[in-house]
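Chain and residue survey
Residue strings, one per chain:
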Amino acid sequence: MNKPVLVIMAAGMGSRYGGLKQIDPIGPNGQIILDYSVYDAHRAGFERVVFIIRPELHEAFEQAIGAKSRRFMQVDYAYQTLDRLPEGLKAPEGREKPLGTAHAVWCAKELTEGCPIAVINADDFYGADAFRKMYDYLSQAEDDDKFRYCMVGYQVENTLTENGTVSRGVCTEDEHGLLAHIIERTSIHRDADGVIRYDADGDAPAGEIAPGTPVSLNLWGFTPSFLPSLDEGLRTFFAEKLPENPMKGEYYLPFAVDALIKAGKATAKVLKTSARWYGVTYREDKPVITAAVSQMTADGEYPEDL
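Here goes a summary of the coordinates provided. (Residues numbered from 1 in each chain as written. Predicted model: local features only at pLDDT ≥ 70, side-chain atom pairs only at ≥ 80, totals over all residues. Heavy atoms only, no water.)

1. Remarks on the overall build of the chain
Condition: We count a stretch as a helix when DSSP gives it H or I for four or more residues in a row; a strand needs E for two or more, and each element gets its number in order from the N terminus. Values of the radius of gyration come from C-alpha atoms, whereas the globule rule sets the reference at 2.2 Å times the count of residues to the power 0.38. When accessible area is computed with a 1.4 Å probe and restricted to protein chains, residues below 20% of their type maximum are described as buried, those above 50% as exposed, and intermediate ones as partly exposed. Contacts are residue-level and defined by heavy atoms, with any inter-residue pair within 4.5 Å sufficient.
Scanning the chain from N- to C-terminus turns up 8 helices and 13 strands. Against the globule reference of 19 Å for 306 residues, the chain gives a C-alpha radius of gyration of 19 Å, in line with a compact fold. The C-alpha extent of the chain, read off along each of the three principal axes, is 50 × 50 × 40 Å. Here the chain holds 306 residues, and the buried ones make up 53% of them. Long-range pairs, those at least 24 residues apart, make up 75% of the contacts in the chain between residues at least 6 apart in sequence.

Structure, rendered in structure tokens:
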């Protein structure tokens, strides 16, 4: 069996941060979140990383991130563009916005053929424990009568910020620890009374989320069957969903997995972690993650010169 490959979705980085040069350092020597993700994945056993980027960012990305990553991993690049699609599909005329996270991962199809893959966001700090659990699962996972995928489930209370709301995929498990359902909740926050709530979204009413509920931070693990299955998923998305919002509709990774589960074609094991998530959703989040990384470095978990 081929070794698991780490796939990092970074195609949105330039637009979100106003250019790669403005990615905020969080470590003691100017390290960014991606430096820690690559290091943690390397320690867990990953030997190769595929960055999904926009083609025009290749040179800047290689200088800022790729070159450093090569100390630990073989580095390859996949490009998410609107013309990279299954044969016969064409992006709507005038569309500029990328087609979503599931399409981004599909763009790495040729580079990861035959390999299990772990997929992460570029701008989330996942913690070493999550990568260890992911690598251990993918090293042994094999499809049988179903595709046998996985995801890392974080306790919702460990994924909040005090500086605003967050969006999370809230998960329901079955009695076997498999993902039964995942629903995207926007505007999750902890109120003054300590209760974790999410706001109303369209026709969906507001509600509460119990502490300990697993949520997805887009840390997914897939056997080699997943990317070929996205061909059909993209065709269905183009036929049924994209016409409703041709300029902005997106094909998201959780939707793709959920559809396979509902169709009885796949399962996704929920790998539990007690790790604390850190991100920079808001400018005010930076001091929190900087202090946390500084403490982990002082405790010897990360080298200062990473």
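2. Notes on helix H8 (residues 286–298)
Definition in use: Working rule for helices: expected span equals 1.5 Å times residues minus one. The arc in question is traced by the directions running from the helix axis to the C-beta atoms.
Taking 1.5 Å per residue, 13 residues should reach 18 Å; H8 reaches 18 Å between its end C-alpha atoms and fits that length. The set of residues buried in H8 consists of Ile289, Ala292, Val293, Met296 and Thr297. Along the axis of H8, the buried residues cluster in a sector spanning 135°; they form a single face. The outward face of H8, more than 90 degrees from its buried face, is lined by the exposed residues Pro287 and Ala298. The elements touched by buried residues of H8 are helix H2 (33–44), strand E5 (124–125) and strand E13 (278–279). Downstream of H8 by a residue or two, Gly300 has a phi angle that is positive, lying close to 90°.

3. Notes on the pairing of strand E6 (residues 147–155)
What counts here: Strands are treated as partners if at least two bridges between them are detected by DSSP.
Of the pairings in the sheet, the one linking E6 to strand E12 (residues 266–273) comprises 8 bridges and is parallel in character. Looking at the pairing, Arg148 lines up with Thr267 of E12. Of the pairings in the sheet, the one linking E6 to strand E11 (residues 214–222) comprises 5 bridges and is antiparallel in character. When the sheet's bridge partners are listed, Gly153 is paired in E11 with Ser216.

4. Quick notes on helix H6 (residues 226–241)
So the rule is basically this: A residue's bend is given by the angle between axes fitted to the 7 residues ending at it and the 7 residues starting at it.
Considering bend angle alone, the principal kink of H6 is centred on Glu232 and spans about 25°. Among all positions of H6, only Phe226, Leu227, Ser229, Leu230, Asp231, Gly233, Leu234, Phe237 and Phe238 are buried. Buried residues along H6 sit in contact with helix H4 (101–106), strand E4 (117–121), E6, E11 and helix H7 (253–262).

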